[in-house]
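# Inside the fold
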Amino acid sequence: MSDNSLAHTALIFLGAAIIMVPLVRKLGLSSVIGFILGGIIIGPFGLKLTGNDSADIMEATEFGVIMLLFLVGLEIEPRKFWVIRKKIIGMGLGQMAFTISILFAIFYFAGWRTDKALVAALCFGMSSTAIVLQTLKEKNIFRTDVGEASFSILLFQDIAVIPILAFLPILAKTSESNESQILLQLLPEWLQPFSIILGIAALILLGRYIFVPFLRYVSRSGMNELLTASSLFLVIGVSELMNAVGLSAALGAFIAGVMLATSEFRHELESQIDPFKGLLLAVFFVSVGATINFFVIMEDPMFIFTTTVVVLIVKFAVLMGVGKFFKLKLHQNFLVAFGLSQVGEFAFVLINYSTNLYLLDPKLNAQLMAITAISMCVTPILLIINEKFIEPHTQKTKKEPDELETSEKLQKIIIVGFGHFGSTVGRLLRVNGISATVLDSDSDRVNLLRSKGFKVYFGDASKAGILRSAGAENADLLILCLDNPEKNKFILEYAREHFPQLKIFVRAKNRLDAYDFINNGVDNIYRETLGTAVNMAVDILKATGMRAYAARRLGQRFMVIDKAMTRKLAKEQLKDTVTFTMSEYLDREAELLAEDSHSFDETQWNEYEEYQN
Amino acid sequence: MKKTLAIFAHPYFEYSTTNVELIKAYESSEQLIFKDLYEEYPDFHISTFRERKRIREYERLVFHFPLIWFGLPPLLRLWIDEVFDMSWKAESNHPLMNKDAIIIVTIGAKKENYQKEGLYKTTIEELMKPLSLSLSVTGIEVKEIIAIYDSDDLDENQLKETTERIKKTLKKYE
């Protein structure tokens, strides 16, 4: 594709989206339908604006998927994995195993060749992360049981792609020679099937020892554009690298995302790429529409439509069964089953990959692609049917409050600024096992704090987007501890406008700032000193549900210990004075604080007595 | 039911298992307001005048607390010190006029320890004397003292029974 035609294609894609989406939204339909319809209209079978070469369009599609999967990967923290591991394995494995075996059986008995039937079944086992995540976000049910169940299944599928990609060459039994796979050819033959594992291992090492230090280096320059550039560079670079070793670029981007999910740049990267996200989704859905090959459909419409219907029914039935086994309520179960019954974008990747391995012939490739695309188009319609006709019957108590269904009952806290003031608050919270998302824009401090086990992310909260990617939409408390009152004020106003549910605690420099905050309608204002930082933390503890008197006791105890520590640190000749306190003292302090002052353990008492002298 | 103010004081309520159950007795009625002193005044700064104004609105007070070193929890003791006024004795229309009271106290030890012949040679009624006397001197009639012994070792059924007993007592003196 030449540069010119890339710009041209982008123009057409965006044009289609801009015109179709508002139109469709006016009719009360999901934006996804608008994108897909737009794609069909501009596609080779509509206005022929995208050119006749469907490879061009697929390239764009794959790039959309790559970026999307990077963002999806970024949202997946290893810790989150662990919390819902039973659901991921149970629901995910159940869904995939049953769907694949039933579909395989059906195709096999319909007279397909065994390997083709198996490949098709594997491809159709996937659901669309893009559509489902978008729908969950639009309906604002990401944190409910429905969201969690859907997410678990999708996650399992995302992971299952890895063994499936490894399995397909074994099924094909061909060592295909492709110029882009020179690196792979260098490996001894017995190692080649393990190339995926090697690729991933290489990625993890690269991530830890090259990418993150590199981002740190870039962030020190203080130029945000450079961060955007380097994150894009990173995603595209990883994809190309994966291509070079013969793996899926989308998978590479996904893993790159997961890899960076634990780094301090997670929220910053998210907010950098966030503006692109909608755009990329649009491109992706439009290209799904544009990829539907109507010639192939018209050639054998019966085959295409019966297969699509069979796939949808099998997936729906399996999902209903799995959901029932995992005790989802009926209306939740319907929503999950309808939502995930389509075939997803990973199928595009798998189908193309299988075709490259000569497992599928070009005709079947086109047919499977069409089935995938059609099933994706059907999803929004199925969801509307569910909402209009099925939900009123399954959901007995109309509009149950959403909070009751959320599985994450813990309060979510965001702290902005982690200098002397913010860290005092954060330490006191941490001692009580309350973790907060912390944003700070000093990359050296972020680095230091992370090495001490704090969950701090690099990011300038006064920039639009970063609060959102730090999770402000679903958070309960926002704690503003920046040194600069103007910045605190700015963020406060932004947050009140965009996230009105947030309860805001703010640090004020002096009485004049306090006036401003009061006039802004803020109740929780803390004029700064050690005392006020502690007071703020005590109030936050109360807001998270701790008993008032217990929080008070902890605050007092914290002050005593903190003062003692400071005295001790001041007396000692420190080798290097770090940002606020030495790490060992932090740990010591945390240990001391972990015991309530209500403790009768004499050794605890002695230890901090010792610090006081 | 009479309009009732339940005054609850427990310095270490977060470690309590018994009282968490027992205070469920106060859940249902609109006639009853439950007030947790340690939650309301964690820094011991009692708003005396607000308290005096508030207790006027009720016909009955319930004092519910654990026995601590044979006496009241410090914040409840302080609350009484700050809210009650000795000069009320002589006044005819003071905040506590024409009310009655129920005392509910949870005790860690066994009942036999609190007998004339027992370990402590003192009864709960005697230990409650400073409170009940303060109440009766200011014109409040103490209807009943519910002592819940062995309170750290009550099983689920006993907890339920005790909760029911509190509910019944609340209804009894209309």
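If you're wondering where the values come from, they're calculated on a predicted model, not measured in any experiment. (Residues numbered from 1 in each chain as written. Chains lettered and ligands numbered in written order. Predicted model: local features only at pLDDT ≥ 70, side-chain atom pairs only at ≥ 80, totals over all residues. Heavy atoms only, no water.)

Moving on: the packing of helix H6 (residues 114-124) of chain A against helix H17 (residues 345-356) of chain A. Residue and element names in this part refer to chain A. At a closest axis distance of 8 Å, the pairing of H6 and H17 adopts a crossing angle of 160°. Relative to H17, H6 is oriented roughly antiparallel. Of the two possible hands of crossing, H6 and H17 adopt the one that is right-handed. Across the interface between the two elements, Val119, Leu122 and Cys123 of H6 pack against Ala347, Leu350, Ile351 and Ser354 of H17. Here the contact of H6 with H17 is composed, by residue class, of six nonpolar, one polar and no charged. (Axes fitted to C-alpha atoms, helices over the stretch in contact; angles between N-to-C directions. Helix = DSSP H or I, 4+ residues; strand = E, 2+ residues; numbered from the N terminus. Parallel < 35°, antiparallel > 145°, perpendicular 65-115°, else oblique. Left-handed = near helix turned anticlockwise from the far one by under 90°. Contact = heavy atoms within 4.5 Å. Nonpolar A, V, L, I, M, F, W, Y, C, P; charged D, E, K, R; others polar.)

At the junction of the two partners, chain B supplies twelve residues and chain A supplies ten residues. Linking chain B to chain A there are four salt bridges. Here Glu14 of chain B and Arg553 of chain A are joined by a salt bridge, their closest N and O atoms 2.7 Å apart. When its residues are assigned to classes, the side of chain B that touches chain A shows seven nonpolar, one polar and four charged. (Salt bridge = Lys/Arg side-chain N within 4 Å of Asp/Glu carboxyl O.)

Turning next to the pattern of salt bridges. Residue and element names in this part refer to chain B. In the structure shown here, the tally under the stated rule is 31 salt bridges over all chains. Linking Arg54 and Glu51 is a salt bridge whose minimum nitrogen-to-oxygen distance equals 2.8 Å. Separated by three residues within a single helix, Arg54 and Glu51 lie in helix H3 (residues 48-55), roughly one turn from each other. Take Arg54: its relative accessible area is 22%, and that puts it in the partly exposed class. Judged by its relative accessible area of 0%, Glu51 falls in the buried class. A salt bridge links Lys143 to Glu141; its shortest N-O distance comes to 3.5 Å. Among the residues examined, Glu141 registers a relative accessible area of 46% and is labelled partly exposed. (Buried < 20%, exposed > 50% of the residue type's maximum accessible area, 1.4 Å probe, protein only.)

A few words on helix H2 (residues 31-42) of chain A. Residues and elements named next belong to chain A. The end-to-end C-alpha distance of H2 is 17 Å, a good match for the 16 Å that twelve residues give at a rise of 1.5 Å each. The buried fraction of H2 amounts to nine of the twelve residues, a majority that puts the element mostly inside the structure. For H2, the full list of buried residues reads Ser31, Val32, Ile33, Gly34, Phe35, Ile36, Gly38, Gly39 and Ile42. (Expected span 1.5 Å × (residues − 1).)

Our focus in this paragraph is the confidence of the model for chain A. When the pLDDT values of chain A are averaged, the result is 77; 78% of them are 70 or greater. Low pLDDT, under 50, characterises residues 175-183 of chain A; the predicted model gives this stretch eleven contacts beyond four residues in sequence or across chains. (pLDDT = per-residue confidence, 0-100.)

Moving on, we come to the side chain of Asp100 of chain B. Residue and element names in this part refer to chain B. Inspection of the secondary structure assignment puts Asp100 in strand E4 (residues 100-106). Polar side-chain contacts of Asp100 include one of 2.8 Å to the side chain of Lys2. Contacts of Asp100, omitting those with residues within four sequence positions, involve Lys2, Glu59, Arg60, Leu61, Ile140, Glu141 and Lys143. (Polar contact = N/O pair within 3.5 Å; in protein donor to acceptor, adjacent residues only side chain to side chain.)

Residue and element names in this part refer to chain A. Within the open sheet, the six strands sit side by side as E3-E2-E1-E4-E5-E6. Their pairing is parallel. Looking at which strands have only one partner, the edges of the open sheet turn out to be strand E3 (456-458) and strand E6 (524-527). Neighbour to neighbour, the strand axes of the sheet diverge by 20° on average, direction disregarded. With three bridges joining them, strand E2 (residues 437-440) and E3 adopt parallel strand pairing. For Val438, the partnering residue across the bridge sits in E3 and is Val456. (Pairing = 2+ DSSP bridges.)

Right, let's talk about unusual backbone geometry for a bit. Residue and element names in this part refer to chain B. Phi is positive for Trp69, close to 45°, though the residue is something other than glycine. Mapped onto the fold, Trp69 is located in the loop between strand E3 (60-66) and helix H4 (74-83). Within the chain, Asn98 stands out as a residue other than glycine whose phi angle is a positive 55°. For Asn98, a relative accessible area of 68% corresponds to the exposed category.

Time to look at the pairing of E6 of chain A. Residue and element names in this part refer to chain A. On E6, burial follows the alternation: Asn524 and Tyr526 on one face are buried, whereas Ile525 and Arg527 on the facing-out side are not. As defined by bridge partners, strand E5 (residues 503-508) adjoins E6 across four bridges and the pair is classed as parallel. Bridging from a neighbouring strand, Phe505 pairs with Asn524 of E6. Handedness of the crossover joining E5 and E6 through helix H23 (residues 511-519): right-handed. (Right-handed = clockwise from strand over helix to strand, strands pointing away.)

Here the structure, examined in full by the defined rule, presents 26 aromatic pairs over all chains. Taking the centre distance of 4.3 Å and the plane angle of 15° together, the rings of Phe107 of chain A and Trp112 of chain A count as stacked. The same class applies to Phe107 of chain A and to Trp112 of chain A, which are both buried. Both rings, one in Trp69 of chain B and one in Phe70 of chain B, keep their centres 6.3 Å apart while their planes meet at 70°; by these two values the pair is edge-to-face. For Trp69 of chain B, a relative accessible area of 77% gives the class exposed. Following the ring pairs from residue to residue traces out a cluster consisting of Trp69, Phe70, Tyr114, Tyr120 and Tyr149 of chain B. When the ring centre of Tyr58 of chain B is taken as reference, the NZ or CZ atom of Lys3 of chain B above it lies at 5.0 Å. Stacked on the ring of Phe49 of chain B, the Lys or Arg Arg52 of chain B has its end atom at 5.6 Å from the ring centre. (Phe/Tyr/Trp six-rings, centres within 6.5 Å; stacked < 30°, edge-to-face > 60°. Lys NZ or Arg CZ within 6 Å of the ring centre and 35° of its normal.)

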